[in-house]
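Next come the chains, spelled out residue by residue.
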Amino acid sequence: MGRTRAQRQDIEFENRGACRDRGQQQSRPNITDFELSAITEKRDILPVLHRLVPFAILTTITFTFTCVFPFPSTSILHLYILALLLLVFKHKHFSMASLPNICFFLLLITLAFHSSPSAAQTKCGITSVYQFGDSLADNGNGIRLPGVSLAFNTSKLPYGETFFMTPTGRASDGRIINDFIVSSLNLPFLNAYLNINTSFSQGANFAVSGATALDNAFWAALNVTLRPWNKHLDAQLGWFKSHLQSTCGSNCAQTLNNSLVVLGEFGGVDYFNCFFQNKQEPEIRTYVPPVIAEITRGIRDVIQLGATRILVPGVYPFGCLPVYLNKFYLPNPLDYDTLGCLRNLNVFASYHNTQLNIALTNLQLQFPNVTIVYGDYYGALTTVLSRASSFGFNQSTLLSACCGGGGRYNYGKACGSADATTCPNPSQYINWDGIHLTDAAHHHMADIIVTDMLPKFECNNFEDSGVLMSSY
């Protein structure tokens, strides 16, 4: 009775609420504990399904992206997927509605990765390549040597006609083996060292056409004449050291630790000069040890500078090249193997390669922290020759030059000379100009070389590399 007006209103409000609750309880149907549990579980499962369905779709999309844009490193792919999972489960409102935005974000990350510098790295971490050698590897130094550029037919068409549509200094109608090697590492083609005002951020090519392993003084003492501007192995190493000094200074060891050095092939020009200056094979064989010793010294040099991965190619099977077949023709069919190559010249080339392999094995024992790999150019070329038809080459012109004219093996005239002719379809030829090979032959040889090389450098995820995916 002594309540205030406000207190009476509060009591009335509570009574109305109690009556409403009793009414709701009377109208609510009876629910068993089992049914209540099922409803609770259903309410718990729905949010999970709400996420799992779009997550399954997102997983499928992720798989598609990684197939279309293959990652050069398994570890990078694992980090990528982990980041994706964190993105999904940290997203409080991840659902079908948010799926388009996340997929768009995923695509942006993928494209950004593949357009960044890291996309140029395989999982073995090779970020640059340094090439040494002769005309098999020269991509423009020879035609840039002061005062001697006109001596190289590689400075004019039809050299370069197939791939580059212009001469580049490469002794082929298109690419050379080194171009395919760097492509397999997702790196751009190397620039020639003498090509000034260009980028060398991902390596350089020091090879020069006509380069020997041994210097001019060595050969002059044996009455073997060389071109006076010969850029032998030691001269190329001098360029290399100057280049490193100007580009990386005191950090060169780290640069080379992430690089691949391709040293060669060397020896081919040394022996060519001997054979074509009428030296006899027994005498030329005595020059193999000093050639191998000079190559070995070059390998030691780059190791001391910091190189940890070195590819050392052997020489070609000389007896399968038109220049040798034409010069040293023998009438007895027994002097030729089943491919039509001169046996004695191939035996000599094999002797060089065997001695080189022995030297590399000894070097590997001396430098266990360096990976030295033999590049079997001899085996790669003989494999292409023996499987020519399956690779699309014309079996009837197996050992003939595409560019030349007249004489045996179409090697009567020098490619690029006024009277020389060029075959209409170089991709059906293995040999380009009598000494060097076509773009197509280099492509198939590189497939063999790269497939053997990359696992030895612990680059096991190379099925996505450009050279292995390209086709003719």
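Residues numbered from 1 in each chain as written. Predicted model: local features only at pLDDT ≥ 70, side-chain atom pairs only at ≥ 80, totals over all residues. Heavy atoms only, no water.

On to the pairing of strand β1 (residues 128-132). Within β1, 5 of the 5 residues are buried, which leaves the element mostly enclosed by the surrounding structure. The alternating pattern of β1 places S128, Y130 and F132 and V129 and Q131 on opposite faces, both of which are buried. Relative to strand β3 (residues 259-263), β1 runs parallel, the two being bridged by 5 bridges. Bridge pairing in β3 places F132 opposite L263. Here β1 pairs with strand β2 (residues 203-205) via 3 bridges, running parallel. Paired with V129 across the two strands is G203, which belongs to β2. (Buried < 20%, exposed > 50% of the residue type's maximum accessible area, 1.4 Å probe, protein only. Helix = DSSP H or I, 4+ residues; strand = E, 2+ residues; numbered from the N terminus. Pairing = 2+ DSSP bridges.)

Another aspect to go through is the sheet that holds strand β5 (residues 371-375). Ordered in space as β2-β1-β3-β4-β5, the 5 strands form an open sheet in which the pairing is parallel. Edge positions in the open sheet fall to β2 and β5, since each of these has one partner strand only. Put simply, the sheet's adjacent strands are angled 20 degrees from each other on average, direction ignored. Across the sheet, helix α5 (residues 177-184) lies against β1, β2, β3 and β4 (309-313), angled at about 165 degrees from β1, the strand it touches most. (Axes fitted to C-alpha atoms, helices over the stretch in contact; angles between N-to-C directions. Contact = heavy atoms within 4.5 Å.)

This paragraph deals with the packing of aromatic side chains. According to the stated counting rule, one finds 25 aromatic pairs in the structure shown. Relative to Y377, the ring of Y316 has its centre 6.3 Å away and its plane inclined at 45 degrees; by these criteria the two rings are tilted. Here Y316 is found in the loop between β4 and α12 (322-327), whereas its partner Y377 is found in helix α14 (residues 377-386), with 61 residues between them in sequence. Take Y316: its relative accessible area is 4%, and that puts it in the buried class. Three or more aromatic residues joined by ring pairs make a cluster, and in this case those are Y271, F272, F275, F276, F318, Y324, F328 and F348. The ring of Y351 carries R285 above its face, with NZ or CZ at 4.3 Å from the centroid. If you follow R408 out to its NZ or CZ, it ends over the ring of Y329, 3.7 Å from the centre. (Phe/Tyr/Trp six-rings, centres within 6.5 Å; stacked < 30°, edge-to-face > 60°. Lys NZ or Arg CZ within 6 Å of the ring centre and 35° of its normal.)

A rise of 1.5 Å per residue sets the reference length of helix α15 (residues 439-456), with its 18 residues, at 26 Å; its end C-alpha atoms lie 25 Å apart and thus fit the reference within 8%. Within α15, 13 of the 18 residues are buried, which leaves the element mostly enclosed by the surrounding structure. At the exit of α15 stands E458, carrying a positive phi of roughly 60 degrees. (Expected span 1.5 Å × (residues − 1).)

Moving on, we get to the pattern of salt bridges. All chains considered together, the criterion is met by 9 salt bridges. R170 is the partner of D179 in a salt bridge, and the nearest nitrogen-oxygen pair spans 2.8 Å. Summarising the burial analysis for this pair, D179 and R170 share the class buried. One salt bridge connects E283 with K279, and the closest N-O pair in it is separated by 3.1 Å. On the accessibility criterion, E283 (33% relative accessible area) is partly exposed. Taken together, the shared-partner salt bridges connect D234, K241, E294, R297 and D301 into one network. (Salt bridge = Lys/Arg side-chain N within 4 Å of Asp/Glu carboxyl O.)

Another point: the pairing of β4. Buried residues dominate β4, accounting for 5 of its 5 residues. Side chains of β4 alternate between two faces, with R309, L311 and P313 and I310 and V312 buried alike. Relative to β4, β3 is paired through 2 bridges, and the arrangement is parallel. The residue bridging V262 from the neighbouring strand is L311, located in β4. As paired strands, β4 and β5 are joined by 5 bridges and run parallel to one another. Bridge pairing links L311 to V373 in β5.

In this section: the environment of T162. For T162, the location among the structural elements is in the loop between β1 and α5. T162 sits in the partly exposed class, given a relative accessible area of 33%. When the C-alpha atoms of T162 and T438 are compared, they prove to be 9.2 Å apart, with 276 residues separating the residues in sequence. Here the side chain of T162 touches D173 through a polar contact of 2.5 Å, side chain to side chain. (Polar contact = N/O pair within 3.5 Å; in protein donor to acceptor, adjacent residues only side chain to side chain.)

Bringing the state of the cysteines into the picture now. In protein chemistry, a disulfide is the covalent bond that joins the sulfur atoms of two cysteines. Using the criterion set out here, one finds 4 disulfides in the structure. Two residues share a disulfide in this structure: C248 and C252, whose sulfurs sit 2.0 Å from each other. Between C248 and C252, the disulfide has an S-S torsion of 100 degrees and is therefore right-handed. Assigned by exposure class, C248 and C252 land together as buried. Paired through a disulfide, C320 and C341 show a sulfur-sulfur distance of 2.0 Å. Between C320 and C341, the disulfide has an S-S torsion of 110 degrees and is therefore right-handed. Residue C320 is found in the loop between β4 and α12, and its partner C341 is found in the loop between α12 and α13 (343-366); the two are separated by 21 residues along the sequence. (Disulfide = S-S within 2.5 Å.)

Below, the discussion takes up the environment of V323. For V323, the position within the fold is in helix α12. Residue classification places V323 among the buried residues on the basis of a relative accessible area of 3%. Put simply, V323 and H436 are 113 residues apart on the chain and 9.6 Å apart in space, counted from C-alpha to C-alpha. Those residues in contact with V323, other than ones at most four positions away along the chain, are F272, F276, Y411, G434 and I435.

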